[in-house]
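Summary of structural features
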Amino acid sequence: MAMYLVAFYRIPGFSVAEFRAEARQIYEMVNSAHATGKLKTVQRLLTDKLYNEMSAQEKQRAKQWKRVVWSAADVEAVPVQVRCAFPDPTVFLPAQQTAQMRFFQITVRIASKQRFVAYNDKGKVVAGDRENAFQVVDHWVFEHAGFPHIDRHWRVAARLAT
């Protein structure tokens, strides 16, 4: 029901089905880039804060693991919470401009089967499992600025610990 709040406030081109597909795609792209040490390639899909956090994790991990292999299957993205914020009414802007200004965040439950293997500099498996996939459930927060003059793409604002 909450997803229809986003549609009601008319993000141009928004549909629940397309959002779920985009969330799945972003999830796979970000995790793949993070695993291979190429986070910079998906920086535009992350807030600055999250990008900095993940970059620090990547640098720390590189000290321990030489190579990481990651993949996901059966990725299912289900929105579980929607938040919508409007501009501060004390800001003096023309009424027609504030009518178009809104900010959305959607928390998404992402379930998948993942394979993860980390290797040391000698090629030995030091984490994960080459043979078995693990059932993983993540909660990510996607955000979208509804301001007319700002990039209208969804990006990841947070990965929640569950």
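Anything mentioned here points back to the structure above.
To start, this report covers the structure provided alongside it. (Residues numbered from 1 in each chain as written. Predicted model: local features only at pLDDT ≥ 70, side-chain atom pairs only at ≥ 80, totals over all residues. Heavy atoms only, no water.)

Some details on the pattern of salt bridges
- By the definition in use, this model includes 2 salt bridges.
- Of the charged contacts, one joins Arg155 and Glu143 as a salt bridge, the two residues approaching to 2.8 Å between their closest N and O atoms. Placement of the pair is Arg155 in strand β5 (residues 155-160) and Glu143 in strand β4 (residues 134-145), with a sequence separation of 12 residues.
- Under the relative-accessibility criterion, Arg155 is labelled partly exposed at 32%. (Salt bridge = Lys/Arg side-chain N within 4 Å of Asp/Glu carboxyl O. Helix = DSSP H or I, 4+ residues; strand = E, 2+ residues; numbered from the N terminus. Buried < 20%, exposed > 50% of the residue type's maximum accessible area, 1.4 Å probe, protein only.)

Some details on the nonpolar core
- Core analysis: the largest hydrophobic core is formed by 25 residues, its most contacted members being Phe19, Val30, Leu46, Ile110, Phe142 and Trp154.
- Elements that contribute at least two residues to this core include exactly α2 (16-35), α3 (48-64), β1 (67-85), β2 (103-119) and β4.
- Among the elements that make up this core, the one with the highest residue count is α2 (6 residues).
- Filtering out sequence-adjacent residues up to four positions away, Val30 remains in contact with Leu39, Val42, Leu45, Leu46, Met54 and Trp140.
- With 5 residues, the next largest nonpolar core counts Ala35, Val68, Trp70 and Ala118 among its residues. (Core = buried A, V, L, I, M, F, W, Y, C linked by side-chain atoms within 4.5 Å. Contact = heavy atoms within 4.5 Å.)

A word on the layout of surface pockets
- Space inside the largest pocket adds up to approximately 320 Å³.
- Along the wall of the largest pocket there are 15 residues; nearest its centre are Asn31, His34, Trp70, Gln114 and Arg159.
- Breaking the lining of the largest pocket down by element, the ones donating at least two residues are α2, α3, β2, β4 and β5.
- In terms of residue class, the lining of the largest pocket is made up of 7 nonpolar, 5 polar and 3 charged. (1 Å grid on protein atoms, 1.4 Å probe; cavity = no way out; pocket = protein on both sides within 12 Å on 5 of 7 lines; lining within 4 Å. Points joined across faces, edges and corners; volume = space filled by probe spheres on them. Nonpolar A, V, L, I, M, F, W, Y, C, P; charged D, E, K, R; others polar.)

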